[in-house]
Amino acid sequence: MSTSTELKQGIREHIGQFSLHVLLVFATGLTIGSERAVVPVLGRDVLGVESLFVIGSFVVSFGFVKALLNLYAGKWGDAYGRKPVLVLGWATALPLPVILIFAPSWSWITVGNILLGINQALTWSMAINAKIDLAGPEQRGLAVGIDEAFGYSGVAVGAWVTGLIAGQWSLRPEPFYFLGVVVVLAFLITIFLIRETAQYAQAEIDDDEDHHDANLPFDAVLKRATYGDRTLFAAAQAGHIEKFVDTLFWLAVPLYLTSQGLGIEAVGLVVGIHSAMYFLQVGTGGLADRIGRRPPVLVGMFLAGGGVLGMVLVEGYLAWAALSAASGLGMALLYPNLMTVPSDAAHPTWRVAGMGVYRMWRDAGYGVGAIVIGLGMEFVSAEAAFYLTAALMFVSGAVVYIWMEETHPDFGTHEPVPAEGDAAPTRAD
């Protein structure tokens, strides 16, 4: 098989399959977005959960399950291909709308979010790796930006639509009928229309199979992507901390704004505006292909932290909406480009596994963030969760400034840590 013709990479060359993966990641965002504005209020107002920390438990279960499954999704994607893992991810989500509609207690919601964590890990991991497979190295940042832009646009639309439905009818079951339609359609598209893409990563490997950094064992990948390389550590810790912002908008923002007298429809819009700004990742990912990953990550960390901090220093719907947008813009700058760092630094033989390690540490931030934010809200105040999240974003941004080197393949300064047995690092041009 000729890799130069049949397996040529590029977004334009594979626009049909690339577009289907964009549609699927939008559906992935719709799935999680359908919980964003409604479920925390459902726990408080319908299921009678008084403890804010207990309400946070559904994000804890989601975060840790998603983090662990991200790690295995990378291994399974290499071993079995992208499509089988994608199918499994959507199959796992099929019971979720039923659980949310009929759950008699909060513990059922927590169990349902375990399924959501599996779904999000498997579907989003494979969606992004499939896009990277198809796009190739020269359009990697753009591919990641498009993936995250449409995924988080789905989150925004899901939060807005379900908030609107809940405001017009009730907190359940009507919002979760919408979720059921999304999950079933995504499952059918995956089975009947999606094709395998792993062979395009293999084509990159064939061109570079003797590279000194190829074929690292999984434990070596785990070590390098976690703490063995300062640049990858800086990316992993930043990814972990920025999930506190995402968790804040999922857990604390709806509860805080409703406690300030804002209606559920308006809360859904404020939360949706934050996620809608992620659509700008189409531009910020492409921008990083031209100027590097590090500058937008740095700006984004401090802008997102500042937006979070401002939300408890102002009052009023318009001010909250504006600061929600500012924090969302910061996330749009940092989010795709943090993810591109391990993709840049990894050899194609272990790129999916390396991305899995990064995504594991990143999404563990959901679980840790929910615990920290929930405890802060429970024992200090709702405002304390905002102050703490902002402070951690500023500290994490400082770590990025000090330790993260540029990884862009054309003008980056980062050189991979030598594998065991290598005398010195060697850059592949």
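Residues numbered from 1 in each chain as written. Predicted model: local features only at pLDDT ≥ 70, side-chain atom pairs only at ≥ 80, totals over all residues. Heavy atoms only, no water.

**Focus on the packing of aromatic side chains**
Within this structure, the stated rule accounts for 13 aromatic pairs. Ring centres of Tyr 72 and Trp 76 lie 5.8 Å apart, and the angle between their planes is 35 degrees; on these two criteria the pair is classed as tilted. Within this pair, Tyr 72 and its partner Trp 76 are both found in helix α4 (residues 57–80), separated by 4 residues, close to a single helical turn. Of the residues examined, Tyr 72 reaches a relative accessible area of 36% and is grouped as partly exposed. (Phe/Tyr/Trp six-rings, centres within 6.5 Å; stacked < 30°, edge-to-face > 60°. Helix = DSSP H or I, 4+ residues; strand = E, 2+ residues; numbered from the N terminus. Buried < 20%, exposed > 50% of the residue type's maximum accessible area, 1.4 Å probe, protein only.)

**Details of a nonpolar patch on the surface**
A cluster of nonpolar side chains, namely Leu 94, Val 181, Val 184, Leu 185, Leu 188, Ile 191, Phe 192 and Leu 193, defines an oily patch on the protein surface of about 700 Å² accessible area. Note on placement: Leu 188 falls in helix α9 (residues 174–192). (Patch = residues over 30% accessible without salt bridge, like charges linked within 9 Å, V, L, I, M, F, W, Y side chains within 5 Å. Areas by Shrake-Rupley, 256 points an atom, 1.4 Å probe, with all protein chains shown as cover. Salt bridge = Lys/Arg side-chain N within 4 Å of Asp/Glu carboxyl O.)

**Things to note about empty space enclosed by the protein**
Scanning the entire structure with this criterion turns up 1 cavity of 30 Å³ or more. Each pocket or cavity is described by its volume, and for the largest cavity that value is around 50 Å³. Forming the boundary of the largest cavity are Ile 32, Arg 36, Lys 66, Gln 120, Trp 124, Tyr 152, Val 155, Lys 243, Tyr 335, Arg 362, Asp 363 and Tyr 366. The leading source of residues in the lining of the largest cavity is helix α17 (residues 351–379), at 3 residues. (1 Å grid on protein atoms, 1.4 Å probe; cavity = no way out; pocket = protein on both sides within 12 Å on 5 of 7 lines; lining within 4 Å. Points joined across faces, edges and corners; volume = space filled by probe spheres on them.)

**Quick look at the packing of helix α12 (residues 230–259) against helix α13 (residues 264–276)**
Each pair of packed helices gets described by two things: the angle between the helix axes and the distance between those axes. Across the interface, α12 lies against α13 with an axial gap of 10 Å and an inter-helix angle of 160 degrees. Relative to α13, α12 is oriented roughly antiparallel. Like other packed secondary-structure pairs, α12 and α13 cross with a definite hand, here right-handed. Contacts between α12 and α13 involve Val 245, Phe 249, Val 253, Pro 254, Leu 257 and Thr 258 from the former and Val 267, Val 270, Val 271 and His 274 from the latter. Counted by class, the contact of α12 with α13 contains 8 nonpolar, 2 polar and no charged residues. (Axes fitted to C-alpha atoms, helices over the stretch in contact; angles between N-to-C directions. Parallel < 35°, antiparallel > 145°, perpendicular 65-115°, else oblique. Left-handed = near helix turned anticlockwise from the far one by under 90°. Contact = heavy atoms within 4.5 Å. Nonpolar A, V, L, I, M, F, W, Y, C, P; charged D, E, K, R; others polar.)

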